[in-house]
Amino acid sequence: MFPNRIIRTRAGLYRLYSTLKVPHVEINGINYKTDPKITNVTDSIIKLTGRSLHLKESHPVGILRDLIEKKLNSVDNTFKIFNNFKPVVTTMENFDSLGFPKDHPGRSKSDTYYINETHLLRTHTSAHELECFEKIRNDADNIKSGFLISADVYRRDEIDKTHYPVFHQMEGATIWRRTKANEGAKEPTYIEKIREDIRQVEDQLNKENVKITVDDDTIPLKEYNPKQEYMSDLEVDLCSQHLKRSVELIVSEVFNKKISSMVKNKANNTPKELKVRWINAYFPWTAPSWEIEVWWQGEWLELCGCGLIRQDVLLRAGYKPSETIGWAFGLGLDRIAMLLFEIPDIRLLWSSDERFSKQFSKGLITSFKPYSKHPGSFRDVAFWLPKDKLDVHQVHENDLMEIIRNIAGDLVESVKLVDSFTHPKTGRKSMCYRINYQSMDRNLTNAEVNALQDMVCSKLVKDYSVELR
Ligand code: DAH
């Protein structure tokens, strides 16, 4: 829909932008104006905006979402669920409302699908935090309230077995309203409530079959992961305990389900223990912030970012100063689903082949049985960058990925940089990428692969003025 063209920016660098062929684009039934300098969303991405895999109850992503929602709400039913937000959001929702600085790399066009200057495909579910905080603001009778949001999110990214331009996240948040102490009580009621809430989550954790071991040396807080002034030390301590135990409960539930199914199937690599560790992190809308990693099959996997919500966000959502404290987390669903269901390639999650979809049922964690393995066939593309474009970052790798994705779609399994060097005399830079063509459901012919490769090569020449080698 948008053939790409190179323009020269004032800085003298080439960048890839889309040439406007249509003045409007329709996404989820709404028309958006496009902008030749900004629009980089493509037809193939727009087609994925209606799939909502997270809502399909017999799809691995839907099954996982449901499992986590049920577990979290089994404690005391605090979380209101919002799973129907549409993927087009404003730059305000995705970035400004969360305090992203104007020059934050997350805003860059090489990483994000823009529709025009003000609208984009959300890059994370945090884009809906502000709106959800507004929605629960008037649950005034409760000291505690919260929400869970699940949705598809979009990022321009590399191509391999674990990256797809669309994936799914779940966002969660809990807030407590600061209330005064009852007469004769030692502590304000909300502090007593948080203590009780922590005990409840701990009770749930203690019920799990394989107990989780936690490694956490992120406390005391360091200068680079500071607490907010409006919160007392006690509040930070209690709020982060509740956050961490709640996130551990998710991890514990999901991986215990997996371990039980491995035990049932007598899998020989069944883990005997479940280890997680906390590390310090930074997010513009939480302070302090952390990430949790789980030890799974010999490596640490990053699962989830989280932290205590910054007061600015709550103020923007209409809360009175110092009225409320709370936490938020954001969890990627697809990679966890892949390991739970033993799905070897992320493209399978998007397959409409019944041999895939018929294998899963609501509420059950089962291992995916490969129905066929079609051989891949790789082709290398090697090229010299134009003389005035020696720095590889001026041809952003994500732009190259996007060209390949647009031409070959799900017929590409991976794209890897296999070589790059600078000619000692001329100073020209050469790059070589290996594209592995492989279909999930059929054999590709050589002629078909050659035709795709030819198209990729000529598009590269056309869009980047590279010289093929
Ligand atoms: N939105 C973040 C991401 O996509 C994840 C995240 C981190 C969400 C911290 C949160 C949070 O709500 O508090 O990487």
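Residues numbered from 1 in each chain as written. Predicted model: local features only at pLDDT ≥ 70, side-chain atom pairs only at ≥ 80, totals over all residues. Heavy atoms only, no water.

**Things to note about the overall build of the protein chain**
For the protein chain, the helix and strand inventory stands at eleven helices and 18 strands. Against the globule reference of 23 Å for 469 residues, the protein chain gives a C-alpha radius of gyration of 24 Å, in line with a compact fold. The dimensions of the protein chain, computed from C-alpha atoms along their principal axes, are 80 × 55 × 50 Å. Taking all 469 residues of the protein chain together, the buried fraction comes to 54%. Here the analysis covers contacts within the protein chain between residues at least 6 apart in sequence; of these, 69% occur between residues at least 24 apart. In the structure as shown, the protein chain presents an accessible area of about 21,600 Å², 51% of it carried by carbon and sulfur atoms. One way to put it: in the protein chain the 68 positive side-chain charges average out to a point 4 Å from where the 66 negative ones average out. (Helix = DSSP H or I, 4+ residues; strand = E, 2+ residues; numbered from the N terminus. Rg over C-alpha atoms; globule rule 2.2 N^0.38 Å. Buried < 20%, exposed > 50% of the residue type's maximum accessible area, 1.4 Å probe, protein only. Contact = heavy atoms within 4.5 Å. Areas by Shrake-Rupley, 256 points an atom, 1.4 Å probe, with all protein chains shown as cover. Lys, Arg positive; Asp, Glu negative; His and termini not counted. Charge placed at Lys NZ, Arg CZ, Asp CG, Glu CD.)

**Observations regarding the pairing of strand 12 (residues 286–296)**
Buried residues dominate strand 12, accounting for ten of its eleven residues. Between the end of strand 11 (residues 274–283) and the start of strand 12, which pair antiparallel, lie two residues. Relative to strand 13 (residues 299–309), strand 12 is paired through nine bridges, and the arrangement is antiparallel. Pairing of Trp 296 across the sheet is with Glu 299, part of strand 13. What sits between the antiparallel neighbours strand 12 and strand 13 is a turn of two residues, in which Gln 297 has the positive phi angle 45°. (Pairing = 2+ DSSP bridges.)

**What to know about the packing of aromatic side chains**
Going through the model one piece at a time under the given rule, you end up with 17 aromatic pairs. The interplanar angle of 45° and the centroid separation of 5.6 Å between the aromatic rings of Phe 283 and Trp 285 together place this pair among those described as tilted. The same class applies to Phe 283 and to Trp 285, which are both buried. One aromatic cluster is present, formed by Phe 341, Phe 356, Phe 360, Phe 368 and Tyr 371 through successive ring pairs. One Lys or Arg, Lys 244, reaches over the ring of Trp 278 and ends 5.4 Å from the middle of that ring. One cation-aromatic arrangement involves Lys 275 over Trp 295; the distance from NZ or CZ to the ring centre is 5.0 Å. (Phe/Tyr/Trp six-rings, centres within 6.5 Å; stacked < 30°, edge-to-face > 60°. Lys NZ or Arg CZ within 6 Å of the ring centre and 35° of its normal.)

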